[in-house]
Structure formats: C-alpha cells, structure tokens
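Chain by chain, the residues:
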Amino acid sequence: MEHKKLDMKAHLKEKFGRPIQKIYFIGIGGSSMSGLALIAIDQGFDVAGSDLVSSKYTEKLAGKGATIHIGQRAENIGDDIDMAVFTAAVHEDNPEMIRANTLDIPLVERSDYLGLLSQVFPKTIGVAGTHGKTTTSSMIATLLHCAEMDPSVSIGGNIGVIGGNATLGKSDYLVIESCEYVDSFLKTEHFIGVITNIEEDHLDYFKGGLKQIKHSFHDFGSILPPDGLMIAYGDSDDVLDVVSDLACQVITYGLSDKNEWVARNITYNDEGNPFFDAYHNGTLYGRFALRIPGQHNVLNAMACIACADYLNIQKETVEEALDHFGGAKRRFEFRGAVGGINVYEDYAHHPTELKVVIDACLNHAHNKLWVVYQPHSYSRIYYLFDEFVKSFEKVDKLVISEIYSNRETNDWDIFPEDLAKRIKQNYQVPTVVISEFTDIVKFLTDNVEADDLVLVAGAGDINKVAYMLVDALREKYPDAPYKAAQS
C-alpha cells in the first residue's frame, strides 16, 4: 500500500473548505497543546493562544513568534483567526469559545487536531497502554533521532535529544503518545502501534470496566493498515486478546519465552538501573544498559528494540539511543541528594505504576524508603481502592496528601484518611495524612535520616514537594554533601 505525505495547510483547507493560516490554541500552555502549537509554527502557521498562567511552555512559544495571552477573554479572538483548538478542560461557557462560535471560527478539540496531524504523516507511530506510554514513546523518538531518521514528535514528556516535548522533522515519521482516556487514541491514524499493557483505569469514562477498555484497545489496533505493525506486550492475556485478530503483522515482547522478543538475565546497579539481554526468537540479539530504573523500563525498552529491528535500525544505534535516554519528565526523576538522602519524583498515579516505581526504589541502595503520595481523582481511588492499598505494602514510611482532582467533585465520598487507615490495618505501614505541602516538607525534614530514599509520587502538583524538600534539607544540613539534579 502506498502512503503519501501530505501538506498540513492543504490538508486543513480540504477538511474545512477554507484556507487555514492563523490557529488559536485555547489552553496553549498544556504539555500536549504547547507541542502541537510548536509544530504548527514550524509548519508555517501563524499561532496565537491563551492560558491562565505563564509557564516555560508559553515562554518558549512566545520566543518562537507566537502571540500569547495570559487570561482567557473574548477580545483575544479576532476575526483574523481561521481555526481554534481547545483542550478538553475548556468548556462551552469559556469566553473565547463563545467568541469563536460567534465568529463562526472552526473549533477543534485537541485530540481531533492531533488526529488531523497524524493523517499528514504516512509512518505515524502511536504508543498506547494503561502505563508506559510517555516513556516508551520517548524512547522510540530518541531511537529515531539517533538513527538520523528526523522524526516529528508530539508527546506528553520532555525528551533530552529534541530539547522538549515536540518537534517537526522532515521525514514521514511522527511519534505520538496515544491516550485511551475518552477514546482519544481512536482519532489518530498510525502505521505502527504499540500496546504496553491493558488494565482497568479511567473508570469514570470506561463504566463497562475492562471489557469496554479492551474493546477500545482493539479498535485502536484495528486502525492499523494491513501492511502496518502492532508491537504488543505478550505476557498479558488481555493484550493478546485485543491483538489476536488484527489484519496487520503482530510482534510480541515480554519476559516469558512465548514472545518473539524476550528480556533475560536482568541485573541492577546500586541506583536500580537495569542491565539485560534481549533475545529474538531464541537467539541473543544483544546486551543493553539503561539509565532509568526498574523492570518495567526493561519492558519499555524491549518494545523500542522490537520497533528498531522492524525499521532496520542497527543494534549499535539502539545501544546509543538507550544510553542517551535519561527518562521522560517526572518519571523516576532525580531531584537531588543531601547527606545521602536521595529525593526522586514520579508521575505514578495508578496502583500498578506505584508498584513498579516502588519496586524500582527497592532496587536502589537505601536505608528506609519514604513515599509521599498525592491521590489523583476521586473516581480512580474509589474504584481501585484495594489495589491502591496493596501497592504500598513494601514501603517503610508513607505520607498521603489530599486527593487531587481537576475534572470531578467528590461524588464518591472518598478521602485520603480511608486509604491511610486500610494501609495501616493491612500492612502495618506507618502512614500519616498531611494536607499542606509546607507541613509535609517539615515532617520529612524532621524525620528522614542519612541514606533514606524519598519518593514523591502523583500526577498532580505534588512534585513541588520534591523541590521544596531538597531546599529544606540543604538549609538544615548546609555542610552535608550535596548532589544536584541535572538541569
């Protein structure tokens, strides 16, 4: 099947029946929106947008020539705007949305715009899964960059080799993070698909539970053309069910010998970073080292290795890419060490994500393991309560903050104290609930000891605690050895 790269301006003109030159992004400072805006600038569009606060993303876009408004007001939308892109967090009563409707400006939701972008690239690579999307898509983007394949990229995390979360390359390849929430990943087209795992999550949307989730992932796989490729985690029966009848080629990876690609002989250094052998159809392909910890990242790397082999990328380039890859933003990210007290942060907000990052911590040399956890969304805590409780069974000390939720109210009558009580009952883990970040930092500063490891976990704004804690420890122990995070 022949695939032809399209011009984005011509593509939008065909879709909307009018020339599109100036695009306005409502919520331009978001991690995904800012990347799409950056790509649009490099595609030759005039870009403007708004957000509630300024950020490094808005500053970067302004430096690239975008017009940035802080605050969302009707007067920001002029009649020179040809299209407006908005995030799902923006509602119809937003003044800029109202103004765009009044002026009959086409309004496109973020995931729909990403879908339009994916249609321009004949070799789009979409990485899906309940966990591991950002890391695996970042690895693959790094791989293509090191292979000098000049990919375009639009993902949720910052990648070192491209200096951000998005870039426009000259090749047919686009690497995207394919999110299952509200079936966003069904709006994009892709030539290569990856499914890292399938579990229950986002049950506020997937009210039919795992059955509905698997149906959506099957639909995601069905988008692939017959000459496309699905790379699937083969140690999951649910993933295998989803990919069993796809029209395209399917390659599996995992830890068990039933897969085509298998990781064996996994060992770890003192920082918990793994070394492993990759086998292809029973034959040793190579031994690899990662700069990021945990068995889960070995699996993410195996998906990347399988993709590399399919694209005929040399093993030496794969080794270089994995050596370059220092992790995606907020994925077991080192924030600093003071007097031997190591502080890390991680975006983990699902029980499985918490378990794998806690296991990664256990492979890291440490005295006591402290975890600071900010629960994310009332519905997720309610529906996966028992799984959350179990995920903390191996920690030494636990601090839980208030539940963070930016898209729902507490209709489930669930509170952090409920988690803390059950964790103490089931696993005797000393657990406290502290609401204010400053109080969390003081509690930690008063109690952590040399060689302890502190993990700050959650998808909200809890990562501020990691920065605050390092500063507080440096103030308390001004003469102690200090290791700074890489900028």
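Throughout what follows, the structure given in this document is the object of discussion.

Another aspect to go through is the packing of helix 6 (residues 133-146) against helix 10 (residues 315-324). Relative to each other, helix 6 and helix 10 sit at 125 degrees, their axes nearing to 9 Å. Considering the angle they form, helix 6 stands oblique to helix 10. Of the two elements, helix 6 crosses helix 10, and the hand of that crossing is right-handed. On helix 10, the residues that touch M139, T142, L143 and C146 of helix 6 are T317, V318, E320, A321, L322 and H324.

A regular strand carries its side chains on alternate faces of the sheet. Two strands pair when backbone bridges link them, and strand 14 (residues 274-280) and strand 15 (residues 283-289) are joined in this way by 6 bridges, in the antiparallel orientation. Within strand 15, the position partnered with F276 by the bridge is F288.

All right, on to the pattern of salt bridges then. Oppositely charged side chains can form a pair if their charged atoms are brought close together. Across all of its chains, the model carries 17 salt bridges by this definition. Here K394 makes a salt bridge to D359, at a shortest N to O gap of 3.4 Å. Within this pair, whereas K394 is found in the loop between helix 13 (385-391) and strand 19 (397-400), its partner D359 is found in helix 11 (residues 351-363), the two being separated by 35 residues in sequence. Judged by relative accessible area, D359 falls into the partly exposed class, the value being 22%. Among the charged side chains, a network of salt bridges with common partners joins E109, D112 and K187.

A word on the sheet that holds strand 3 (residues 67-70). The strand order across the open sheet formed by 5 strands is 3-2-1-4-5, and the pairing between neighbours is parallel. Since the sheet does not close on itself, it has two edges, and those belong to strand 3 and strand 5 (107-109), each with one partner. Along the sheet, successive strands turn relative to each other by an average axial angle of 20 degrees, direction set aside. One ladder, built from 4 bridges, connects strand 2 (residues 46-51) with strand 3; its direction is parallel. Residue pairing across strands places S50 opposite H69, the latter belonging to strand 3. The strands touched by helix 5 (residues 110-120) are strand 1 (22-26), strand 4 (83-86) and strand 5; relative to strand 5, the strand with the most contacts, the crossing angle is about 90 degrees.

Parameters and conventions
- Residues numbered from 1 in each chain as written.
- Predicted model: local features only at pLDDT ≥ 70, side-chain atom pairs only at ≥ 80, totals over all residues.
- Heavy atoms only, no water.
- Axes fitted to C-alpha atoms, helices over the stretch in contact; angles between N-to-C directions.
- Helix = DSSP H or I, 4+ residues; strand = E, 2+ residues; numbered from the N terminus.
- Parallel < 35°, antiparallel > 145°, perpendicular 65-115°, else oblique.
- Left-handed = near helix turned anticlockwise from the far one by under 90°.
- Contact = heavy atoms within 4.5 Å.
- Pairing = 2+ DSSP bridges.
- Salt bridge = Lys/Arg side-chain N within 4 Å of Asp/Glu carboxyl O.
- Buried < 20%, exposed > 50% of the residue type's maximum accessible area, 1.4 Å probe, protein only.

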